[in-house]
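Secondary and tertiary structure notes
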Amino acid sequence: MAAALLLSGCGHDFDVEKAVKITDVHTGWYDAGIVQGKNKLVPSISLKLQNTSNDSVESVQINAIFWRLGATEEWSDHFAQAIDRQGISPGQTGGLIVLRSEAGYMGPESRLQLLQNKQFVDARVEIFAKHGSRTWQKLGEYKIDRQLLTQ
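Every chain's residues receive numbers from 1 upward, in the order its sequence appears when written. Only residues with pLDDT of at least 70 are given local features in this predicted model, and only at 80 or more are side-chain atom pairs given and counted; all residues enter the totals for whole chains, interfaces and linings. Processing note: side-chain calculations cover all non-hydrogen atoms of the structure and skip hydrogens and water entirely.

This brings us to the pattern of salt bridges. Oppositely charged side chains are able to pair whenever their charged atoms sit close together. Any carboxyl oxygen of Asp or Glu that lies within 4 Å of a side-chain nitrogen of Lys or Arg is treated as forming a salt bridge with it. Applying the stated criterion across every chain, the model contains nine salt bridges. Here Asp122 makes a salt bridge to Lys143, at a shortest N to O gap of 3.8 Å. Residue Asp122 is located in the loop between helix H3 (111–116) and strand E7 (123–131), and its partner Lys143 is located in strand E8 (residues 137–143); the two are separated by 21 residues in the primary sequence. One salt bridge connects Glu141 with Lys138, and the closest N-O pair in it is separated by 2.8 Å. Residue Glu141 is classed as partly exposed on the basis of its relative accessible area, which comes to 39%. Within the structure, one salt-bridge network assembled from shared partners comprises Arg124, Glu126, Lys138 and Glu141. Helix numbering and strand numbering both begin at the N terminus, where a helix is a DSSP run of H or I of at least 4 residues and a strand a DSSP run of E of at least 2. Three exposure classes are used, based on accessible area relative to the maximum for each residue type with a 1.4 Å probe and protein chains only: buried under 20%, partly exposed in between, and exposed over 50%.

The next point concerns the pairing of E7. Of all nine residues making up E7, eight are buried, and the element is well covered by its neighbours. As paired elements, strand E3 (residues 60–68) and E7 share nine bridges and run antiparallel to each other. Bridge pairing in E7 links Asn63 to Phe128. A pair of strands is labelled paired if DSSP reports no fewer than 2 bridges between them. Strand direction decides the pairing type here: E7 and E8, joined by six bridges, are antiparallel. The residue of E8 that forms the bridge with Val125 is Tyr142. The turn joining E7 and E8, which pair antiparallel and follow one another in sequence, is formed by five residues; a positive phi near 60° is taken by Gly132.

Taken together, the four strands give an open sheet; going across it, the order is E4-E3-E7-E8, and neighbouring strands pair in antiparallel fashion. Two strands close off the open sheet at either side, each with one partner strand: strand E4 (76–83) and E8. Direction aside, neighbouring strands of the sheet carry axes that sit 20° apart on average. Only the stretch in contact is used when fitting a helix axis, every axis being a line fitted to C-alpha atoms; angles between N-to-C directions are given from 0 to 180 degrees.

For the chain, mean pLDDT is 90; residues scoring 70 or higher make up 91% of the total. The predictor reports its confidence for every residue as pLDDT, a score running from 0 up to 100. Highest mean pLDDT in the chain belongs to strand E5 (residues 97–100) (98); lowest belongs to helix H1 (residues 2–9) (36). Across residues 1–11, confidence stays below pLDDT 50; counting only partners more than four residues off in sequence or on other chains, it has ten contacts. Only heavy atoms enter the contact rule, under which two residues are in contact if any of them lie within 4.5 Å.

Moving on, we get to the packing of aromatic side chains. Pairing of aromatic rings covers Phe, Tyr and the six-membered ring of Trp, with a centre-to-centre limit of 6.5 Å; geometry is then stacked below 30 degrees between planes, edge-to-face above 60, and tilted otherwise. Tallying each qualifying case throughout the model produces six aromatic pairs. Both rings, one in Trp29 and one in Tyr105, keep their centres 5.6 Å apart while their planes meet at 35°; by these two values the pair is tilted. Here Trp29 is found in strand E1 (residues 20–35), whereas its partner Tyr105 is found in strand E6 (residues 105–107), with 76 residues between them in sequence. Assigned by exposure class, Trp29 and Tyr105 land together as buried. Following the ring pairs from residue to residue traces out a cluster consisting of Trp29, Trp75, Tyr105 and Phe120. Any Lys NZ or Arg CZ that is within 6 Å of a ring centre and within 35 degrees of that ring's normal is treated as a charge sitting over the ring. Looking at Arg100, its charged tip hangs above the ring of Tyr30, at a distance of 3.5 Å from the centre.

Topologically, Asn39 is positioned in strand E2 (residues 38–51). Counted as a polar contact is a pair of N or O atoms within 3.5 Å, where, for protein atoms, one must be capable of donating a hydrogen and the other of accepting one, and residues adjacent in sequence contribute only when both atoms are in side chains. At 2.9 Å, the side chain of Asn39 and the backbone oxygen of Glu109 are in polar contact. Each residue touching Asn39, except ones within four places of it in the same chain, is listed here: Gly33, Ile34, Tyr105, Met106, Gly107, Pro108, Glu109, Ser110, Arg111 and Leu114.

Residues grouped as a nonpolar core are buried Ala, Val, Leu, Ile, Met, Phe, Trp, Tyr and Cys residues, joined through side-chain atoms within 4.5 Å. Counting 32 residues, the largest nonpolar core has Trp29, Leu47, Leu49, Leu99 and Ile127 as its most contacted members. Within the residue set of this core, elements represented by two or more residues are helix H2 (16–19), E1, E2, E3, E4, E5, H3 and E7. Residues within four places of Ile127 in sequence aside, it is in contact with Ile22, Ile45, Leu47, Ile62, Asn63, Ala64, Leu99, Gln137, Lys138, Leu139, Gly140 and Tyr142.

Structure (structure tokens):
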């Protein structure tokens, strides 16, 4: 274990799922504005990553995979740099990360009416992270709350 932590400080690969945990999760449907004359809502998640290791964690990438409930194929994804080269010190929490789907629902009705439409299908999101050339590690899975987000 000490060797793995030492390597993480030297810029080598480490097990990101053991070094960070997700905190401060908020989900909902983001108001993506008017597209082609219709209101558009997209699933959104905001979160923070906390360093749970004994060493600084840096250069972590994150990917959110959005799914409609009951679907067998992913709906959309959002890739981002979650922790930059400056890193997060042991026990500290990084800044807010907002991940949104490109895919969503569009309709002529109001945003609140879109959320209440009988054909509306709820969504979930899986959060994966990786460091360096390691494979993606699943950090969590969350249902998207059926609430309107404006930020």
